[in-house]
Amino acid sequence: MKRIAVYPGSFDPVTVGHLDVIRRASKLFDELIVLVSKNIMKSNESFTPQERVSMITRVTTDLPNVRVDLSGGLLVDYVRDVHAIAIVKGLRAVSDFEYEFQMALLNKALNPEYETMFMMTNTKYSYISSSMVKELAGFHGDLTGLVPCEIIETIEEKYK
Ligand code: PNS
């Protein structure tokens, strides 16, 4: 049986920190699905879900067991539908922990069949977030090193 994992997130936009988690997690499973999902707590979205899928697809072309998908529904339902065995989440700092812990327990209560697996961020990316990228882009700052170089132009274009 194929061991499938789902890495969900807003990815608005995908950062080098996300890409690092994607690369590392893709080595642990037969297939990794990067899932652009709806976070109802985040109302300041800059990119459409399709634009986010497109950006992640462009930066993961060298990873044959990674595919990108989109879901507007509950994560547990998606995980069940694709027969995944795990959810992968990245942790940057202690401040991420409480929310992620609560979410993992809620998802476990909704569907006890699968595990949530946390990957610590690479320390050199621990300060990077999509919100910081958007803030910097809004001031036309240099995004080099914060997001994969293939998508810098796309992001700059949005903030022109
Ligand atoms: O990158 P984010 O914004 O921290 O990712 C959060 C995300 C999108 C993974 C989370 O909000 C999510 O799982 N959304 C899908 C809907 C869902 O299942 N919510 C949790 C139970 S209410």
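Coordinates for the structure precede this section.
Since this is a predicted model, take the numbers as computed values, not measurements.

(A) Focus on the packing of aromatic side chains. A complete count under the given rule lists two aromatic pairs for this structure. An angle of 80° between the planes, with centres 5.2 Å apart, marks the rings of Y7 and F11 as edge-to-face. Classification of Y7 as buried rests on a relative accessible area of 4%. Using a relative accessible area of 2% as the deciding quantity, one classes F11 as buried.

(B) Layout of helix α2 (residues 49-59). Listed in full, the buried residues belonging to α2 are R52, V53, M55, I56 and V59. Each buried residue of α2 sits inside an arc of 165° when the element is viewed along its axis, so together they form one side. In the core, the buried residues of α2 are packed alongside α1 (16-26), β2 (31-37), β3 (66-71) and α6 (152-158).

(C) Representation of the layout of surface pockets in the model. Here the largest pocket defines a volume of roughly 1,200 Å³. If you go around the largest pocket, you meet 45 residues; those closest to its centre are N39, K42, K89, Y99 and E100. Those elements that provide at least two residues to the lining of the largest pocket are β1 (4-9), α1, β4 (86-91), α4 (94-110) and α5 (130-138). The element best represented in the lining of the largest pocket is α4, accounting for 10 residues. Class assignment of the residues belonging to the lining of the largest pocket gives a composition of 18 nonpolar, 19 polar and eight charged.

(D) Inspection of the pattern of salt bridges at higher detail. Taken as a whole and judged by the stated rule, the model has 15 salt bridges. R52 is paired through a salt bridge with D12; the nearest N and O atoms lie 3.5 Å apart. You can see R52 sitting in helix α2 and its partner D12 sitting in the loop between β1 and α1, a full 40 residues away along the chain. The buried category is assigned to R52, whose relative accessible area is 2%. On the basis of relative accessible area, D12 is assigned to the buried category, the value being 3%. Measuring nitrogen to oxygen at the nearest pair gives 3.1 Å for the salt bridge that ties K38 to E45. When its relative accessible area of 47% is taken as the criterion, K38 is described as partly exposed. When salt bridges with common partners are traced through the structure, they connect D12, K38, E45, R52 and K134 into a single cluster.

(E) Geometry of the sheet that holds β3. Spatially, five strands are ordered β3-β2-β1-β4-β5 in an open sheet, and the strand pairing comes out parallel. Two strands lie at the open edges of the sheet, namely β3 and β5 (115-120), each paired on one side alone. Neighbour to neighbour, the strand axes of the sheet diverge by 30° on average, direction disregarded. Examined bridge by bridge, β4 and β5 share six bridges and lie parallel to one another. By the bridge assignment for β5, L91 is matched with M120.

(F) Expanded view of the nonpolar core. In this structure, Y7, I22, L32, V34, I56, V88 and I155 are the most contacted members of the largest nonpolar core, which totals 35 residues. Of all the secondary structure elements, the ones that give two or more residues to this core are β1, α1, β2, α2, β3, β4, α5 and α6. Sorting elements by how many residues they give to this core places α1 first, with five residues. Each residue touching I155, except ones within four places of it in the same chain, is listed here: P13, F47, M55, A137, L143 and V147. One finds L35, V82, A84 and I87 within the second-largest nonpolar core, a separate group that totals 12 residues.

Rules behind the numbers
Residues numbered from 1 in each chain as written. Predicted model: local features only at pLDDT ≥ 70, side-chain atom pairs only at ≥ 80, totals over all residues. Heavy atoms only, no water. Phe/Tyr/Trp six-rings, centres within 6.5 Å; stacked < 30°, edge-to-face > 60°. Buried < 20%, exposed > 50% of the residue type's maximum accessible area, 1.4 Å probe, protein only. Helix = DSSP H or I, 4+ residues; strand = E, 2+ residues; numbered from the N terminus. Arc of directions from axis to C-beta. Contact = heavy atoms within 4.5 Å. 1 Å grid on protein atoms, 1.4 Å probe; cavity = no way out; pocket = protein on both sides within 12 Å on 5 of 7 lines; lining within 4 Å. Points joined across faces, edges and corners; volume = space filled by probe spheres on them. Nonpolar A, V, L, I, M, F, W, Y, C, P; charged D, E, K, R; others polar. Salt bridge = Lys/Arg side-chain N within 4 Å of Asp/Glu carboxyl O. Pairing = 2+ DSSP bridges. Axes fitted to C-alpha atoms, helices over the stretch in contact; angles between N-to-C directions. Core = buried A, V, L, I, M, F, W, Y, C linked by side-chain atoms within 4.5 Å.

Worth remembering: the numbers are spatial, not functional.
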